[in-house]
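# Summary of structural features
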Amino acid sequence: MEILADKLRPKNLDEIIGQQHLVGNNKIIRNLVENNHLVSMILYGKPGIGKTSIATAIANSLNKPFRLLNATINNKQDFDIVIEEAKMEGEMIVIMDEIHRLNKDKQDLLLPYIESGLIILIGMTTSNPYHKINPAIRSRCQIFELKELTTDEIIQGIERATKHLNGIKVDDEAKNIIAKLSSGDLRNAINILELAYYGSNKKHITKEIIENINPKAIFFSDSGEDGHYDVLSGLQKSIRGSDVNASLHYLARLITEGDLDSIYRRLSVIVYEDIGLANPAMGPKLMAAINAAEMVGLPEARIPLGTIVAEMALSPKSNSAHIALDDAIKDIENGDVGNLPIHLKTNSPLYKYPHNYPNSWVKQQYLPDNIKNKKYYQPNNNKYEQNLNKLHKEMTGEKK
């Protein structure tokens, strides 16, 4: 039996919920379709926000033949069959899920046909393509980032789904709880709705019915209007502000939701964004706490997580390293780059190997000429960075 989420998959761009920065009037993907000029592309973003829907809507809108492949599940023979079909059709759209997992054999098989235009590739991934997708594929595709769906957009999808469930009535409160439970994943929201419809004797979906099928709903219906991502924000800002009590409070709310992955991701950002070089040992400590939490699971996971969050809140703070990197990135984006000094290029005989000199340091230029005096890193006033700075000055002979 076809599940409702698949039945509701959009047939054209007008039926897409959200992603108006790509498929709205006079936006890039809509213009490509309306001009009948499709290019290979990669769609990336979180699960359930419309990657497959946009890909199939593009193919349907252009009335072009397409095939669905998964870079992990489908084998080389499946790829061969699609290529032969493309040769017979003269052109084929290949919609490929998990494209970041495409191995070299399959990549080498596809590349010449992507370059010739026989295959138009629409790759989909939840991973950052700039980090996870092979440059050979990435360089042949336009990259489009999908945005997280808002609560209003999720509710719009729920309301559309109700038209396909005979006699259903959904309270507004129940819609809001389903939207929050879905964490921005429209497919998940529709699955919850369908389960509530068939999993109860009533066709009237209330808060109580959602609570009966998903214990997390109690948290969302009883904890006020603060959204999931607002609570994550509260956790980070409390740790950054060294308020251990507020940090533990927001951690408790997130643990009540049971979404450990969100906690892990946010803490991993905090430990480097907000603590950084003020306490660099905290990064490995956090990873150890995450591994322990994963090993024991809930409810015991709260013990290592509570310990590490308390220590993070009490730790000295510094954002000097990532601020320095952002400054360097800004220079690059503004074109303030310059050529590498010749002695830094591969196998240059002019390079002085620092380990051959006292204190493993020798004076030589590392930055390009046009920014050779640029100082990105400015140490914060904490003991660890001040000690590093003192040792660095002693090593280089810089004046204190």
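Computed from a predicted structure; not experimentally measured.

To continue, consider the packing of aromatic side chains. Applying the stated criterion across every chain, the model contains 1 aromatic pair. Pairing Tyr-197 with Tyr-198 gives two aromatic rings, centres 4.8 Å apart and planes at 85 degrees, and the pair type is edge-to-face. Note on Tyr-197: relative accessible area 10%, which makes it buried.

Mapping Leu-110 onto the fold places it in helix α6 (residues 104-116). Assessed through its relative accessible area of 1%, Leu-110 is described here as buried. Along the chain, Leu-110 and Ala-324 lie 214 residues apart, while their C-alpha atoms are 40 Å from each other. Residues contacting Leu-110, with those up to four places away along its chain left out, are Phe-79, Ile-83, Met-96, Leu-102 and Ile-119.

Let us look at helix α11 (residues 186-198). Along its 13 residues, α11 runs 19 Å from first to last C-alpha, staying within 8% of the 18 Å computed at 1.5 Å per residue. Buried within α11 are the following residues: Leu-186, Ala-189, Ile-190, Ile-192, Leu-193, Glu-194, Ala-196 and Tyr-197. Contact partners of the buried residues in α11: α1 (4-7), α9 (151-162), β6 (169-170), α10 (172-181), β7 (204-205) and α12 (207-213).

Under the criterion given, the structure shown has 16 salt bridges. Between Glu-273 and Arg-240 there is a salt bridge; the shortest N-O distance is 3.5 Å. With Glu-273 in helix α16 (residues 260-275) and Arg-240 in helix α14 (residues 228-240), the pair connects residues that are 33 residues apart, well separated along the chain. Given a relative accessible area of 26%, Glu-273 falls into the partly exposed group. Its relative accessible area of 36% is what places Arg-240 among the partly exposed residues. Put simply, Asp-14, Arg-30 and Glu-34 are held in one network by salt bridges that share partners.

Across soluble globular proteins, nonpolar side chains have a tendency to be buried as a group. Counting residues in hydrophobic clusters, the biggest one holds 51 residues, and the most contacted among them are Ile-29, Met-41, Leu-43 and Ile-58. If one sorts the elements of this core by residue count, α11 sits on top with 7 residues. Among all residues touching Met-41, those that are not within four sequence positions of it are Ile-29, Leu-32, Ile-58, Leu-121, Ile-122, Gly-123, Cys-141, Gln-142 and Phe-144.

With omega at 10 degrees, the peptide bond leading from Leu-298 into Pro-299 counts as cis. Here Pro-299 is to be found in the loop between α17 (282-296) and α18 (302-314). Phi angles above zero are rare outside glycine, and Gln-19 is one such case at about 55 degrees. Looking at where Gln-19 falls in the secondary structure, it is placed in the loop between α1 and α2 (20-23). Unlike most non-glycine residues, Asn-359 shows phi in positive territory, near 60 degrees. Counting through the fold element by element, Asn-359 comes out in the loop between α19 (320-333) and α20 (383-396). Residue Asn-359 is classed as exposed on the basis of its relative accessible area of 58%.

This part takes up the side chain of Ser-247. Topologically, Ser-247 is positioned in helix α15 (residues 244-257). At 3.2 Å, the side chain of Ser-247 forms a polar contact with the backbone nitrogen of Ile-239. Apart from residues no more than four positions distant in its own chain, Ser-247 is found in contact with Leu-235, Ser-238, Ile-239, Val-309 and Ala-313.

The subject of this paragraph is the packing of helix α5 (residues 76-89) against α6. Remark: α5 packs on α6, axes separated minimally by 10 Å, with the N-to-C direction vectors making an angle of 10 degrees. In terms of axis orientation, α5 runs roughly parallel to α6. Side by side, α5 and α6 meet where Lys-76, Phe-79, Asp-80, Ile-83 and Lys-87 of the first sit next to Lys-106, Leu-109, Leu-110 and Tyr-113 of the second. Grouping the constituent residues of the contact of α5 with α6 by class yields 5 nonpolar, no polar and 4 charged.

Time to look at a nonpolar patch on the surface. A cluster of nonpolar side chains, contributed by Tyr-351, Tyr-353 and Tyr-366, occupies part of the molecular surface with about 320 Å² of accessible area. Tracing the chain through its elements places Tyr-366 in the loop between α19 and α20. Look at Tyr-366 and you get partly exposed, because its relative accessible area is 41%.

So, about the sheet that holds strand β3 (residues 92-97). A sheet is described by the order of its strands in space; here 5 strands give the open sequence β2-β3-β4-β1-β5, paired in parallel fashion. Strands at the two margins of the open sheet, each flanked by one partner only, are β2 (66-70) and β5 (142-145). Strand-to-strand twist of the sheet, defined as the mean angle between neighbouring strand axes without regard to direction, takes the value 20 degrees. Inspection of the sheet shows strand β1 (residues 41-44) paired to β5 by 4 bridges, in the parallel sense. Its bridge partner being in β5, Tyr-44 is matched across the sheet by Glu-145. Its contacts with the sheet place helix α4 (residues 51-62) against β1, β2, β3 and β4 (119-125), and it is angled at close to 160 degrees to β4. Sheet contacts for α5: β2, β3 and β4; angle to β3, the most-contacted strand, approximately 155 degrees.

Reading the values: rules and limits
- Here the residue index of a chain counts from 1 through its sequence in written order.
- Owing to the predicted nature of the model, reporting of local features is limited to residues with pLDDT of at least 70; listing and counting of side-chain atom pairs is limited to 80 or more, with chain, interface and lining totals taken over all residues.
- Calculation of side-chain values draws on the structure's entire complement of heavy atoms; hydrogens and water are dropped beforehand.
- Whether two aromatic rings pair depends on their centres lying within 6.5 Å, for rings of Phe, Tyr and Trp, where Trp uses its six-membered ring; planes under 30 degrees apart make the pair stacked, over 60 edge-to-face, and the rest tilted.
- The classification of residues rests on relative accessible area computed with a 1.4 Å probe and restricted to protein chains. Under 20% of the type maximum is buried, over 50% is exposed, and intermediate values are partly exposed.
- Secondary structure follows DSSP: runs of H or I at least 4 residues long count as helices, runs of E at least 2 residues long count as strands, and numbering of each begins at the N terminus.
- Any two residues having at least one pair of non-hydrogen atoms within 4.5 Å are treated as being in contact.
- To estimate how far a helix should reach, multiply one less than its number of residues by 1.5 Å.
- Salt bridge, as used here: a side-chain nitrogen of Lys or Arg that lies within 4 Å of a carboxyl oxygen of Asp or Glu.
- Residues enter a nonpolar core if they are buried and are Ala, Val, Leu, Ile, Met, Phe, Trp, Tyr or Cys, with the set joined through side-chain atoms within 4.5 Å.
- Pairs of N or O atoms are called polar contacts if they sit within 3.5 Å, as long as, within protein, a hydrogen donor faces a hydrogen acceptor (for residues adjacent in sequence, only side-chain-to-side-chain pairs).
- The angle between two axes is taken between their N-to-C directions and runs from 0 to 180 degrees, where each axis is a line fitted to C-alpha atoms and a helix contributes only its stretch in contact.
- These descriptions rest on fixed angle ranges, namely under 35 degrees for roughly parallel, over 145 for roughly antiparallel, 65 to 115 for roughly perpendicular, and the rest for oblique.
- In this classification, Asp, Glu, Lys and Arg are treated as charged, Ala, Val, Leu, Ile, Met, Phe, Trp, Tyr, Cys and Pro as nonpolar, and every other residue, Gly included, as polar.
- A residue counts toward a patch only above 30% relative accessible area and without a salt bridge, and it is joined to like-charged neighbours within 9 Å or, for Val, Leu, Ile, Met, Phe, Trp and Tyr, to nonpolar neighbours within 5 Å.
- Throughout, the Shrake-Rupley method with a 1.4 Å probe supplies accessible areas, and for residues the shown protein chains are the sole cover considered.
- Only strands joined by at least two bridges in the DSSP assignment are considered to pair.

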